[in-house]
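Below, each chain spelled out in residue letters.
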Amino acid sequence: MLPDLLIALTMLSNFSLVATSRVSKAIQFAVLQGVLLGLMPLAMGLGRHFHIVLLAIAAVTVKGWFIPFLFRRALRQVHIQREVDPYIGYTVSLMLCALGTGLSLVLAHNLPLKAGTEYTLLVPASLATLFTGFLLLVSRRKALTQVVGYLVLENGIYLFGLLLVEDMPALVEAGILLDLFVGIFVMGIVINHIRVAFDSTDTRHLAELKD
Amino acid sequence: MVWLLILVPLLAAVVAFAVSSPALRAWILPAVGLLHLGILLVALAGWRTLPATAWFGLDALGGWVLLVISVLFCICAFYAPAYLALRPERDHRVLSTCLLGFLGLASLLAQARHPGIAWVAMETTTLVSAPLIYFNHNRRSLEATWKYLVIGSVGIALALLGTLFIAYAAHMGGLEEPLRYTRLMENGALLSRPWLRAGFVLTLVGYGTKMGLAPLHTWKPDAYGETPGLVGALLAGGVTSCAFLALLRIYAVVAAAGEGAFARELLVAFGMLSMAWALVFMVRQTDIKRLLAYSSVEHMGILVFGIGIGGLAAKFALFHLAANALVKSVLFLSAGNIHRSYASKQLPFVTGALRRTPVSGWLFLLGFLAITGMPPFAPFLSEFNIASGALSTGHLLGGSAFLILLGGIFLAMSETVVQVVFGTPSAQRVRTPYKDAPATTAPLIVALGLALVLGIWMPRPLQAMLDHASTTVDGVLTARMEVQR
């Protein structure tokens, strides 16, 4: 029951993410989503495995504390509030997100689950979240919002990882933690360079190179 | 041996970071490159059966790819000290560290026997190559680095999801960890088909992004255009080879599971698309480094096209990996020299390179002829055999499209290259201190020489290795050629 509720909330937060124009709101939704997902393994009753508890703690700490900390610092320094003039508007983004969620349900329907798997919503939710992250990445101009997109994409992979984490903990945990921590960390460093070089984190400045 | 190949470069990276003298640091690169190549040759000479339970080890396929990377690294490393001396204004502490780090991680990837470890190695090579692209520390290189990081990270994330899908396919079939490649291949029949297919699509897209297959190549022209030729050569022949290897390992699992036909169709389609896309952007390309980047997109297309055709073409696709890496190093490094000499990499400023920098100009011209498939260089051999492999196995449409695209690319590239190489140097030229010297041209001559030799004569041990590597790619397990310690 509880896991299904968390999954539903995750999918709802996808919609909020693509619909908001305030960068700080987008960050808050991504953090909320990260924390919800961090709690998922405990809600799924995997709390008896010590290493999974550690994964949950790591996920909640990184997504709930460390990443917001990095974001807040970057936001303070660049004084941006809104994602102005995205490549794809908010209404269209919202419709695309709905379409993506629908497609994820269809796609997941064609992928069989191992007999006895309780959480049938995990796969569609994972694909829908992945799609949302991708949408944010390609449709937004601010480097910070693009990193939020990457974070959401990563949440989608994490959701799928939950299907496997009990049986293949090393693969899932190492993959997810490395991807998350390192990706965000390095992007944070580059954002800092962008800020210094352009006095802004708008990737529109990064449009000199083209054919 | 297994660990030395990984640890020597990684330790050297730490040393390079600590050394304060730039000149001394620059010479660590060739020293470590030679040492790595030496260790690798010893490791490859002493074949031994690799136990199925090994987590690390060189098989023929991994050994071949690592050999290509190691030779390429040596060429670039011997070029590096002279090049870095030309750029005294830029601190190369991070560059040297990351180059050496890359070599260590590539060795890890080549020897990984588990898709998870291969993925970790691929992810970390992305990270160490990002600072390489940012070497010039200007706005343009920053833009290139950002695109590389964002697109590369998405690609690598999709590859992770694909790897997890394949793990789930095994999980459905009752297989549990450790899911090494050998185990996945032996139990191919048990893997769940829908998950395996979906997993392959995701890994193809993910690792394909890292290789720079169209339409996921958009980071490539920017990244290759803004980095020194030295880094461009290593990215075009090294990082892409790593991603190709990671993809081949997954392909081998899919082929062993009997889903090869499905995978091959996708590979052929991606290959054709990459070649066609590259051709479109090569026409009237005025930036020589971006031209080379599109050429790299094209050759990644040739690689996956050859694997998709299978048989003879697959074997020569593996051979093409070496041919492409060698010739690309000649092209990128000579383009770097020309860039140094003209202080520009764009037409119409760069003309008459044969007069101004005769050696680099000739090397650029010969490199162009070699990469577009002129005999007797190695790319001719591979491109010819891939085409004949395609035509002889009934891929009439694919084979002829392949030849037409090669012809078109030759014409498109020649337009730019002819202007760069021939013609008279323009009057309002910028004076630069750069002159061709043995230190900046000898490594290129060696690389071109190797490409020439491989085009005419293939040493028998290499031939054997290539044969075994191509059977591994087709999903057949060959324990005999595996080597350890």
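Note that this is a predicted model, so its numbers are computed, not measured.

A.B. asks: Quick one: what's the story with the overall build of chain A, residue by residue and with numbers?
C.D. replies: Tallying secondary structure elements over chain A gives seven helices and zero strands in all. Along chain A, helices and strands appear, N-terminal first, in the series α-α-α-α-α-α-α. The C-alpha radius of gyration computed for chain A amounts to 17 Å, which stays within 12% of the reference 17 Å derived for 211 residues, consistent with globular compactness. Per-residue burial over chain A gives 43% buried out of 211 residues. When contacts within chain A are restricted to residue pairs at least 6 apart in sequence, those whose partners lie at least 24 apart make up 73%.

A.B. asks: I'd like a description of the overall build of chain B, backed by residues and values.
C.D. replies: Helix and strand content of chain B: 19 helices and zero strands. Here the C-alpha atoms of chain B give a radius of gyration of 21 Å, agreeing with the 23 Å that 2.2 N^0.38 yields for 485 residues. If one aligns the C-alpha atoms of chain B with their principal axes, the spans along those axes are about 70 × 55 × 40 Å. Within chain B, the proportion of its 485 residues that are buried is 64%. Considering only residue pairs separated by 6 or more positions, chain B has 82% of its internal contacts joining residues 24 or more positions apart.

A.B. asks: So, the environment of Val23(A): which residues are in play, and what are the values?
C.D. replies: Within the secondary structure, Val23(A) sits in helix H2 (residues 23–43). Measuring from C-alpha to C-alpha, the distance between Val23(A) and Leu94(A) comes to 16 Å, with 71 residues separating the pair along the chain.

A.B. asks: Go over helix H5 (residues 122–139) of chain A with me, naming the residues and quoting the values.
C.D. replies: The end-to-end C-alpha distance of H5(A), which contains 18 residues, comes to 26 Å, matching closely the 26 Å that a straight helix rising 1.5 Å per residue would cover. When you tally the buried positions in H5(A), you get 16 out of 18 residues, the bulk of the element.

A.B. asks: Residues and numbers for the interface of chain B and chain A, please.
C.D. replies: Each partner contributes to the interface: chain B provides 35 residues, whereas chain A provides 36 residues. Every element with two or more residues in the side of chain B that touches chain A is listed here: helix H5 (115–133), helix H6 (139–172), helix H8 (193–211) and helix H9 (219–226) of chain B. Looking at which element gives the most residues to the side of chain B that touches chain A, the answer is H6(B), with 19 residues. Its residues assigned to classes, the side of chain B that touches chain A shows 22 nonpolar, six polar and seven charged.

A.B. asks: So what about the nonpolar core? Which residues, and what values?
C.D. replies: All names here are of chain B. Ranked by size, the top nonpolar core spans 255 residues in total, and within it Leu109 and Ala451 carry the most contacts. The element that contributes the greatest number of residues to this core is H6, accounting for 22 residues. Here Ala451 is in contact with Ala323, Leu326, Val327, Ala370, Phe377 and Ala378, once residues within four sequence places are set aside.

A.B. asks: Give a detailed account of the confidence of the model for chain B, specifying residues and quantitative values.
C.D. replies: Residues and elements named next belong to chain B. Overall, the prediction assigns chain B a mean pLDDT of 91, with 97% of residues at 70 or greater. Within the model, pLDDT remains below 50 along residues 479–485, and this stretch shows 27 contacts once partners closer than five positions in the same chain are excluded. For this predicted complex, the interface score ipTM comes out at 0.92, alongside a pTM of 0.94.

A.B. asks: Can you explain the packing of helix H10 (residues 229–256) of chain B against helix H13 (residues 312–342) of chain B? Please cite residues and give values.
C.D. replies: Residues and elements named next belong to chain B. Running from amino to carboxyl end, H10 crosses H13 at an angle of 160°, the nearest separation of the two axes being 6 Å. As far as their axial angle goes, H13 and H10 are roughly antiparallel. Note on packing geometry: the crossing formed by H10 with H13 is right-handed. Residues Gly229, Leu230, Gly232, Ala233, Ala236, Gly237, Ser241 and Phe244 of H10 lie in contact with H13, whose contacting residues are Leu321, Asn324, Ala325, Lys328, Ser329, Phe332, Leu333, Ala335, Gly336 and His339. The class makeup of the residues in the contact of H10 with H13 is nine nonpolar, eight polar and one charged.

A.B. asks: Residue-level account of the environment of Asp85(A), with values.
C.D. replies: Considering the arrangement of structural elements, one finds Asp85(A) in the loop between helix H3 (50–78) and helix H4 (90–109). The spatial distance from the C-alpha of Asp85(A) to the C-alpha of Ser139(A) is 9.9 Å, given a sequence separation of 54 residues.

A.B. asks: How would you explain helix H4 (residues 93–111) of chain B if you had to name every residue and give the values?
C.D. replies: The terminal C-alpha atoms of H4(B) lie 28 Å apart, and with 19 residues this matches the ideal 27 Å at 1.5 Å per residue to within 8%. The buried fraction of H4(B) is high, at 17 of 19 residues.

A.B. asks: I'd like to hear about unusual backbone geometry, residue by residue, with values.
C.D. replies: Residues and elements named next belong to chain B. Cis peptide bonds are those with omega within 30 degrees of zero, and the linkage from Leu347 to Pro348 qualifies with 5°. Position of Pro348 among the secondary structure elements: in the loop between H13 and helix H14 (353–356). Here the bond from Pro375 into Pro376 is cis, since omega is 5°, no more than 30 degrees from zero. Tracing the backbone shows Pro376 in the loop between helix H15 (358–371) and helix H16 (378–392). With a phi close to 55°, Arg284 is a non-glycine residue in the positive phi region. Residue placement: Arg284 occurs in the loop between helix H11 (260–282) and helix H12 (288–309).

Reading the values: rules and limits
- Residues numbered from 1 in each chain as written.
- Chains lettered and ligands numbered in written order.
- Predicted model: local features only at pLDDT ≥ 70, side-chain atom pairs only at ≥ 80, totals over all residues.
- Helix = DSSP H or I, 4+ residues; strand = E, 2+ residues; numbered from the N terminus.
- Rg over C-alpha atoms; globule rule 2.2 N^0.38 Å.
- Buried ≥ 20, exposed ≤ 12 C-beta atoms within 10 Å, placed from the backbone.
- Contact = placed C-beta atoms within 7 Å.
- Expected span 1.5 Å × (residues − 1).
- Nonpolar A, V, L, I, M, F, W, Y, C, P; charged D, E, K, R; others polar.
- Core = buried A, V, L, I, M, F, W, Y, C linked by C-beta atoms within 7 Å.
- pLDDT = per-residue confidence, 0-100.
- Axes fitted to C-alpha atoms, helices over the stretch in contact; angles between N-to-C directions.
- Parallel < 35°, antiparallel > 145°, perpendicular 65-115°, else oblique.
- Left-handed = near helix turned anticlockwise from the far one by under 90°.

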